[in-house]
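Here's the letter readout for the chains.
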Number of protein chains: 2
Amino acid sequence: MNFTEKQLSSELIYDGKILKLSVDKVELPDKTQSTRECVRHCGGAAVLLIKDEKVALVRQHRYLYGKDIYEIPAGKMEEGEDPKSAAERECEEETGYRAECGHFLDIYPSPGYTDEIIHIYLAQNAEFIGAHTDDGEFLSCLFVPLSEVVAMISRGEICDAKTVAAIYKYVAEKAEKPV
Amino acid sequence: MNFTEKQLSSELIYDGKILKLSVDKVELPDKTQSTRECVRHCGGAAVLLIKDEKVALVRQHRYLYGKDIYEIPAGKMEEGEDPKSAAERECEEETGYRAECGHFLDIYPSPGYTDEIIHIYLAQNAEFIGAHTDDGEFLSCLFVPLSEVVAMISRGEICDAKTVAAIYKYVAEKAEKPV
């Protein structure tokens, strides 16, 4: 079965600091036409940093939800930056820990309208060197026991997709390979 | 600590079929100003349908990634529709199964630029009644053993955030409460 959609045209609506929006005409497999509303994003990098069974969480205000939420440390990739470097940079900026990051999981946050890939890394051998957040970035970092993070997800207090996916993957794999 | 960002203005850039884009001016906690690129979306509903230890997956082309990907059955909520009804409707349309859906997990796919909430339900007592996809929706539904779905995620063959989060939550909770 071939479900491929062929691009016929692309109209750039907005070219911003963190995303571009275009409306594209596509040809469907049955030769009819449709439109796709396309958010293009340069990608994100996130870090699951676990130290003594405690998870590094960042609390920050998310304007679009009108509240503070908890997420693992993350940020968008700079132009030309590779995801591993971005993950290590964000980890250091937001938590104060320098760590060796190993690839853990990539996720597509909402494939219906965005091309973003969030690259998630597992931070190992983390060493505290002191936090230095960017100007205008208001957040606090805290370390929460893994079991409490799972309870917070269950209670709906943590909903961020990259955080939920990374934590449950970690827990699922730990359950499979008990030390 | 108060990290709240206060809306100063909102400029609507695009009002489409599945999303709206606005650029908002906000006041930060230190009284300086910044802009937020805001995708507003009416929300999605998804279903984790497991029948005889096999997971219902939908294969469909995702234009923004330029390839077919696997996801649990899902779709956007219609105007005024509640998430449970949307989940049950999408489940029936995409898999042909009518099921009683229980709330499982809500996720925020990418809180930096979208307000979307994806509501994930667990389908129970599913009964086959025959699939009837929407016109212009090209997809196939298949049932894959849970262990193979986990292997596909590990190999990077399944990246969709709602699917990864739901599967690992299911596996993590199953490991905790063995039958």
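Residues numbered from 1 in each chain as written. Chains lettered and ligands numbered in written order. Predicted model: local features only at pLDDT ≥ 70, side-chain atom pairs only at ≥ 80, totals over all residues. Heavy atoms only, no water.

A. Layout of the packing of helix H2 (residues 146-154) of chain B against helix H3 (residues 161-176) of chain B. Residue and element names in this part refer to chain B. Relative to each other, H2 and H3 sit at 125 degrees, their axes nearing to 11 Å. Classified by the angle between their axes, H2 and H3 sit oblique to one another. Between H2 and H3 lies a crossing whose hand is left-handed. Note on element contacts: H3 touches H2 through Val164, Ile167, Tyr168, Tyr170, Val171 and Lys174, opposite Leu146, Val149, Val150, Ile153 and Ser154. Split into classes, the residues belonging to the contact of H2 with H3 amount to nine nonpolar, one polar and one charged. (Axes fitted to C-alpha atoms, helices over the stretch in contact; angles between N-to-C directions. Helix = DSSP H or I, 4+ residues; strand = E, 2+ residues; numbered from the N terminus. Parallel < 35°, antiparallel > 145°, perpendicular 65-115°, else oblique. Left-handed = near helix turned anticlockwise from the far one by under 90°. Contact = heavy atoms within 4.5 Å. Nonpolar A, V, L, I, M, F, W, Y, C, P; charged D, E, K, R; others polar.)

B. Fine view of the relation of the copies chain A and chain B. Under the fitted operation, chain A is carried onto chain B by 0.0 Å of movement along the axis and a turn of 180 degrees, and the coordinates agree to an RMSD of 0.0 Å. Taken together, the rotation and translation relating the two chain copies correspond to the operation of a two-fold axis. A shared binding surface is used by both copies, with 100% of the interface residues of chain A retained as interface residues in chain B. (Least-squares fit on C-alpha atoms with pLDDT ≥ 70 in both.)

C. Up close: the packing of aromatic side chains. Residue and element names in this part refer to chain A. Under the counting rule described, the total for this entry stands at six aromatic pairs over all chains. Each ring, one from Tyr97 and one from Phe128, has its centre 5.2 Å from the other, and the planes form 65 degrees; the classification is edge-to-face. Residue Tyr97 is found in strand S8 (residues 97-107), and its partner Phe128 is found in strand S9 (residues 118-128); the two are separated by 31 residues along the sequence. Look at Tyr97 and you get buried, because its relative accessible area is 14%. On the accessibility criterion, Phe128 (53% relative accessible area) is exposed. Cluster of aromatic residues (ring-pair linked, three or more members): Tyr97, Phe128 and Phe143. Sitting over the ring of Phe104, Lys169 keeps its end group 4.8 Å from the ring centre. (Phe/Tyr/Trp six-rings, centres within 6.5 Å; stacked < 30°, edge-to-face > 60°. Buried < 20%, exposed > 50% of the residue type's maximum accessible area, 1.4 Å probe, protein only. Lys NZ or Arg CZ within 6 Å of the ring centre and 35° of its normal.)

D. Representation of the nonpolar core within the structure. With 57 residues, the main nonpolar core has Leu48, Ile120 and Ile167 of chain A together with Leu48, Ile120 and Ile167 of chain B as its most contacted residues. Ranked by residue count, the leading element in this core is H3 of chain B, at nine residues. Beyond its immediate stretch of four places on either side in the chain, Leu48 of chain B contacts Val55, Ile72, Phe104, Tyr121, Leu122, Ala123, Ala166, Ile167 and Tyr170 of chain B. (Core = buried A, V, L, I, M, F, W, Y, C linked by side-chain atoms within 4.5 Å.)

E. Molecular detail of the interface of chain A and chain B. Counting residues at the interface gives 67 residues for chain A and 67 residues for chain B. The contact between chain A and chain B buries some 6100 Å² in all, and 66% of this surface belongs to carbon and sulfur atoms. At the boundary of chain A with chain B, the tally comes to zero salt bridges. Looking at the side of chain A that touches chain B, its residues break down into 36 nonpolar, twelve polar and 19 charged. (Buried area = accessible area lost by both parts, 1.4 Å probe. Salt bridge = Lys/Arg side-chain N within 4 Å of Asp/Glu carboxyl O.)

F. The confidence of the model for chain A, seen in detail. Confidence in the prediction for chain A averages 94 pLDDT; 96% of positions are at 70 or higher. Overall fold confidence for the complex sits at a pTM of 0.96, while the interface term, ipTM, reaches 0.96. (pLDDT = per-residue confidence, 0-100.)

G. Here's a closer look at the sheet that holds strand S1 (residues 6-15) of chain A. Residue and element names in this part refer to chain A. The strand order across the open sheet built from three strands is S1-S2-S3, with neighbouring strands paired in antiparallel fashion. Of all the strands in the sheet, the pair left with one neighbour each is S1 and strand S3 (33-40). Going across the sheet, the axis of each strand differs from the next one's by a mean of 20 degrees, ignoring polarity. The sheet contact formed by strand S2 (residues 20-27) and S3 spans eight bridges and is antiparallel. The partner of Ser22 across the bridge, within S3, is Cys38. (Pairing = 2+ DSSP bridges.)

H. Spatial organisation of the pairing of strand S5 (residues 54-62) of chain B. All names here are of chain B. The buried fraction of S5 amounts to seven of the nine residues, a majority that puts the element mostly inside the structure. Sheet topology places strand S4 (residues 44-51) next to S5; two bridges connect them, and they run antiparallel. Residue Lys51 lies in a different strand from S5, and its bridge partner there is Lys54. Here S4 folds back onto S5, and the loop between the two strands holds two residues, one of which, Asp52, carries a positive phi near 50 degrees. Of the strand pairs in this sheet, S5 and strand S10 (residues 139-145) are connected by seven bridges, and their pairing is antiparallel. Of the residues in S10, the one forming a bridge with Lys54 is Pro145.

I. Region of interest: the pattern of salt bridges. Residues and elements named next belong to chain B. Per the stated rule, a full pass over the model turns up 38 salt bridges over all chains. Residue Arg59 pairs with Asp68 through a salt bridge whose shortest N-O separation is 2.7 Å. Where Glu81 meets Arg89, a salt bridge forms, and the shortest distance between an N and an O atom there is 2.8 Å.

J. Fine view of the sheet that holds strand S3 (residues 33-41) of chain B. Residue and element names in this part refer to chain B. The strand order across the open sheet formed by three strands is S1-S2-S3, and the pairing between neighbours is antiparallel. Whereas interior strands pair on both sides, the edge strands pair on one side only; in this sheet they are strand S1 (6-15) and S3. Strand-to-strand twist across the sheet, computed as the mean angle between neighbouring axes with direction ignored, equals 25 degrees. Sheet analysis places S1 next to strand S2 (residues 19-27), joined by eight bridges and oriented antiparallel. Of the residues in S2, the one forming a bridge with Glu11 is Val23.

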